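Each chain is listed here by its residues.
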Amino acid sequence: MSATQGQLPLDGMPRRLYSCTPSRLNAWLDCRRRYRFSYLDRPQPSKGPAWAHNSVGASVHNALAGWWREPYDRRTPLTAAILVTNGWIAEGFRDVEQSAHWLGRARDLVSGYVATLDPGDDPVGVERTVATRTKVMALSGRIDRLDRRGDELVVVDYKTGRRPLTEDDARSSLALAVYAVAASTMMRTPCRTVELHHLPTGEILEWRHTEESLARHIRRAEDVATEASAADERYRALVPAPAPAKKGSAASRTASGERPSVGPAAVPEEIDELFAPSPGPICSWCDFRRHCPEGLSAAPDRNAWDGLAE
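Described below are features of the structure shown in this document.

The rules behind these values
- Every chain is numbered independently, its residues counted from 1 as its sequence is written.
- For a predicted model such as this one, the threshold for reporting local features is a pLDDT of at least 70, and the threshold for listing and counting side-chain atom pairs is 80 or more; totals across whole chains, interfaces and linings nevertheless cover every residue.
- Only heavy atoms go into the side-chain values, all of them from the structure, while hydrogens and water stay out.
- Any carboxyl oxygen of Asp or Glu that lies within 4 Å of a side-chain nitrogen of Lys or Arg is treated as forming a salt bridge with it.
- Here the term buried applies to any residue with accessible area under 20% of the maximum for its type, exposed to any over 50%, and partly exposed to those in between, with areas from a 1.4 Å probe on protein chains only.
- Helix and strand assignments come from DSSP, with helices taken as H or I runs of at least 4 residues and strands as E runs of at least 2, each series counted from the N terminus.
- Every helix has an expected span of 1.5 Å times one less than the residues it contains.
- The criterion used for residue contact is that any of the two residues' heavy atoms lie within 4.5 Å.
- Counting of polar contacts relies on pairs of N or O atoms within 3.5 Å, with two restrictions inside protein: one atom must be capable of donating a hydrogen and the other of accepting it, and residues adjacent in sequence are counted only when both atoms are side-chain atoms.
- The axes are straight lines fitted to the C-alpha atoms, using for helices just the contacting stretch, and the angles between their N-to-C directions are given from 0 to 180°.
- Crossing handedness: left-handed means the near helix sits turned counterclockwise from the far one by under a right angle, and right-handed means the same turn made clockwise.
- Here the term charged refers only to Asp, Glu, Lys and Arg, the term nonpolar to Ala, Val, Leu, Ile, Met, Phe, Trp, Tyr, Cys and Pro, and the term polar to all other amino acids, Gly among them.
- Any pair of Phe, Tyr and Trp rings, taking the six-membered ring for Trp, is counted once the centres come within 6.5 Å. Such a pair is stacked with planes under 30 degrees apart, edge-to-face with planes over 60 apart, and tilted for the rest.

### Description of the pattern of salt bridges
Line of reasoning, step 1. Evaluation of the coordinates by the stated rule reveals 21 salt bridges.
Line of reasoning, step 2. A salt bridge links Lys-159 to Asp-157; its shortest N-O distance comes to 3.2 Å.
Line of reasoning, step 3. Here Lys-159 falls in the partly exposed class, since its relative accessible area comes to 32%.
Line of reasoning, step 4. A residue is classified by how much of its surface remains accessible, and Asp-157, at 14% relative accessible area, is buried.
Line of reasoning, step 5. Each member of the salt-bridge network shares a partner with another, and the members are Arg-33, Arg-36, Asp-41, Asp-272 and Glu-294.

### Observations regarding helix H5 (residues 96–114)
Line of reasoning, step 1. Taking 1.5 Å per residue, 19 residues should reach 27 Å; H5 reaches 27 Å between its end C-alpha atoms and fits that length.
Line of reasoning, step 2. In this structure, the buried side of H5 is in contact with helix H3 (52–69), helix H4 (77–86), strand E3 (137–149), strand E4 (152–159) and strand E5 (191–198).
Line of reasoning, step 3. Sitting at the head of H5, Asp-95 places a side-chain oxygen 3.3 Å from the backbone nitrogen of Glu-97.

### Side note on the packing of H3 against H5
Line of reasoning, step 1. Across the interface, H3 lies against H5 with an axial gap of 10 Å and an inter-helix angle of 35°. Two packed elements cross with a definite hand, and for H3 against H5 that hand is right-handed. Note on element contacts: H5 touches H3 through Trp-102, Ala-106, Val-110, Tyr-113 and Val-114, opposite Val-56, Val-60, Ala-63, Leu-64 and Trp-67.
Line of reasoning, step 2. Partitioned by chemical class, the residues of the contact of H3 with H5 number ten nonpolar, no polar and no charged.

### Re unusual backbone geometry
Line of reasoning, step 1. Here Arg-42 and Pro-43 are connected by a cis peptide whose omega angle stands at 5°.
Line of reasoning, step 2. Relative to the helices and strands, Pro-43 is located in the loop between helix H2 (32–39) and H3.
Line of reasoning, step 3. Within the chain, Glu-127 stands out as a residue other than glycine whose phi angle is a positive 50°.

### Here we look at the environment of Arg-220
Line of reasoning, step 1. Along the polypeptide, Arg-220 turns up in helix H8 (residues 211–238).
Line of reasoning, step 2. For the pair formed by Arg-220 and Leu-174, sequence separation is 46 residues and the distance between their alpha carbons is 8.3 Å.
Line of reasoning, step 3. Not counting the four nearest positions on each side in its chain, Arg-220 is found in contact with Leu-29, Ser-172 and Leu-174.

### Quick notes on the packing of aromatic side chains
Line of reasoning, step 1. Applying the stated criterion across every chain yields a total of ten aromatic pairs.
Line of reasoning, step 2. Ring centres of Tyr-35 and Tyr-39 lie 5.4 Å apart, and the angle between their planes is 50°; on these two criteria the pair is classed as tilted. With Tyr-35 and Tyr-39 both in helix H2, this residue pair falls four residues apart, about one helical turn.
Line of reasoning, step 3. Ring centres of Trp-51 and Trp-285 lie 5.2 Å apart, and the angle between their planes is 55°; on these two criteria the pair is classed as tilted. Of the two residues, Trp-51 is situated in the loop between H2 and H3 and Trp-285 in the loop between helix H9 (269–274) and helix H10 (293–298); the sequence distance between them amounts to 234 residues.

Below you can see the structure in the form of structure tokens.
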């Protein structure tokens with residue numbers, strides 16, 4: 001039996017479902033060390049500074065969700081711009097001037113996008129949590145927007161990144177596929193179409209799944225869940241849970257009231273090998289970069305604002 005398999009359940013005993021999100025599954029696929037730092041080490045290792053491009057993305061998503069919650073007569077481009085301003089996240093920018101510049105760009109993106117929408121065409125859900133179960137996993141996630149088109153549902157995902165998207169991005173997205181399956185299960189309505197709405201270019205990349213293609217994505221998710229679940233069990237078997245820090249102790253707060261920097265958990269060599277890193281260019285953007293010598297060697301440091309599409 002390999003280390004990644006862990007201990008098999010007794011015959012006839014049900015195996016506990018692996019509780020996950022698409023983000024957790026993708027973290028396992030991208031880098032197992034980042035997965036460990038994100039989901040297993042407790043306390044979680046300290047992350048690096050906030051990224052400006054994530055601040056832009058979160059501000060835009062929040063404004064679009066808020067726009068649909070406004071009364072019908074307030075669903076205007078001006079309201080969208082106001083929502084961006086009121087909810088602006090100014091973390092990660094080089095300075096106040098850069099933040100103000102991107103606030104203006106984000107206002108234009110969101111107001112321009114909502115001008116293409118029918119304010120009376122209420123979605124089925126906005127920031128809607130959906131979930132589904134298989135024999136292997138209990139999977140849940142949150143959809144940016146869930147539309148009804150005729151007798152079917154459509155999963156809509158907003159994108160604000162600088163990289164141009166293609167139809168293949170919609171077709172190959174594990175997250176969008178499992179959202180479609182989960183939405184269909186919960187709403188008892190067919191859901192096969194998924195869309196990426198790329199606000200910087202105004203493009204809508206659509207893919208219509210078949211039952212077979214959705215089933216393939218679910219099998220792929222189950223394969224990842226089986227691997228990650230076995231690794232999680234091995235981690236819990238070999239790494240003792242830390243004692244909780246007493247409230248107000250030096251371990252929980254510094255003299256200034258801030259949380260101290262936290263390093264990775266001390267783990268046996270077997271666990272370090274099981275959750276080995278996947279060094280590459282993406283290491284420049286990892287929140288846990290400071291804790292990973294391989295990642296530091298694989299890619300250069302980035303400023304917190306380098307992900308912006310200047």
